[in-house]
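# Structural overview for review
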Amino acid sequence: MSSHLLLLVIFAVLVSAVFAALARETPREQLRTGAMMFGGFVAAAIVLGWLMYPLPL
Amino acid sequence: MAIKSTTAERARPASEPGTLVLLCVAAWVVPGAGHFWLGRAQKATVFLVALLLMFALGLALDGRLFPFEVSEPLVALAAFANAGLGLPWIAGRMLGLGGGVVTATTYEYGNCFLIVAGLLNFLVILDAYDIAVGRK
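Treat the numbers as computed from the prediction; the structure is a model and nothing was measured. (Residues numbered from 1 in each chain as written. Chains lettered and ligands numbered in written order. Predicted model: local features only at pLDDT ≥ 70, side-chain atom pairs only at ≥ 80, totals over all residues. Heavy atoms only, no water.)

### Side note on the overall build of chain B
For chain B, the count of helices and strands is six helices and zero strands. Expressed as a percentage of the 136 residues in chain B, the buried residues total 41%. In chain B, the proportion of contacts linking residues at least 24 apart, taken out of those at least 6 apart, comes to 72%. Just so you have it, chain B exposes about 7,300 Å², and 70% of that area is on carbon and sulfur atoms. (Helix = DSSP H or I, 4+ residues; strand = E, 2+ residues; numbered from the N terminus. Buried < 20%, exposed > 50% of the residue type's maximum accessible area, 1.4 Å probe, protein only. Contact = heavy atoms within 4.5 Å. Areas by Shrake-Rupley, 256 points an atom, 1.4 Å probe, with all protein chains shown as cover.)

### Things to note about helix α3 (residues 41–60) of chain B
Here α3 of chain B spans 28 Å end to end across 20 residues, near enough to the 28 Å set by a 1.5 Å rise per residue. Buried residues of α3 of chain B: K43, A44, F47, A50, L51, M54, F55, L57 and G58 of chain B, and no others. On the buried face of α3 of chain B, the contacting elements are α1 (4–23) and α2 (27–51) of chain A together with α2 (33–37), α5 (87–94) and α6 (107–132) of chain B. Immediately beyond the C-terminal end of α3 of chain B, within one or two residues, lies D62 of chain B, with a positive phi of roughly 65 degrees. (Expected span 1.5 Å × (residues − 1).)

### Digging into a nonpolar patch on the surface
Together, V47, L48, L51, M52, L55 and L57 of chain A give the surface a local cluster of nonpolar side chains, amounting to about 700 Å² of exposed area. Here L48 of chain A shows up in helix α2. (Patch = residues over 30% accessible without salt bridge, like charges linked within 9 Å, V, L, I, M, F, W, Y side chains within 5 Å. Salt bridge = Lys/Arg side-chain N within 4 Å of Asp/Glu carboxyl O.)

### Describing the interface of chain B and chain A
On the side of chain A, 17 residues touch chain B, which itself brings 21 residues to the contact. Where chain B packs against chain A, one counts two salt bridges. Here E25 of chain A ties to K43 of chain B by a salt bridge, and the two come within 3.1 Å at their closest N and O atoms. The residue inventory of the side of chain B that touches chain A, partitioned by class, reads 15 nonpolar, two polar and four charged. (Nonpolar A, V, L, I, M, F, W, Y, C, P; charged D, E, K, R; others polar.)

### What to know about the side chain of S16 of chain A
Residue and element names in this part refer to chain A. Here S16 lies in helix α1. For S16, the side chain forms a polar contact with the main-chain oxygen of A12, separated by 2.5 Å. Setting aside its immediate chain neighbours within four residues, S16 contacts G34, M37, F38 and F41. (Polar contact = N/O pair within 3.5 Å; in protein donor to acceptor, adjacent residues only side chain to side chain.)

### So, the confidence of the model for chain B
Confidence in the prediction for chain B averages 88 pLDDT; 90% of positions are at 70 or higher. Under the prediction, the complex receives an ipTM of 0.87, its pTM being 0.87. (pLDDT = per-residue confidence, 0-100.)

### Details of the packing of aromatic side chains
Applying the stated rule across the entire model yields four aromatic pairs over all chains. Centre to centre, the rings of F11 of chain A and F113 of chain B are 5.3 Å apart; their planes meet at 80 degrees, and the pair counts as edge-to-face. Residue F11 of chain A is found in helix α1, and its partner F113 of chain B is found in helix α6; the two belong to separate chains. Judged by relative accessible area, which is 1%, F113 of chain B ranks as buried. For the pair F80 of chain B and F122 of chain B, a centre-to-centre distance of 5.2 Å together with 20 degrees between the ring planes defines the contact as stacked. (Phe/Tyr/Trp six-rings, centres within 6.5 Å; stacked < 30°, edge-to-face > 60°.)

Structure representation (structure tokens):
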């Protein structure tokens, strides 16, 4: 299990689940918040990854 | 007749100092135990499953359970973060798990899972405390 993307996705799922459960009360709200956080995690990682692609210059 | 509607007036399941300490210790020892105590079984289940899974994955990815070395401040901080997970951390240390394989490709990922799991449990303990004193 050395796929960076897979590990990133697993990490994002677990951290999003904990944060969503901490921040919201009902399962429905938790699911919505968790999904948004998960999307944010993955999107930010991919964008940052591409921004760092030319480094080191 | 007054109607109890504010957060401060709501029933507090564990507001005695001794009970609060026990609650926080239980929440530290077993992730989610504090929430389970307070009747938040759904949240407790999420915390237990997610944090134990992160801990197990961290070990499976050859991460390290750092020792408390005062001479190495960053290692000591990582050890403090690891210790946040309570019983799984104690068991891991006692069983000699989490030796860490620096040459493994996944070493840093493993460390990340282990450290973040411990830090998240600190947040979970604080959340249980807030619920117990009626802040949430």
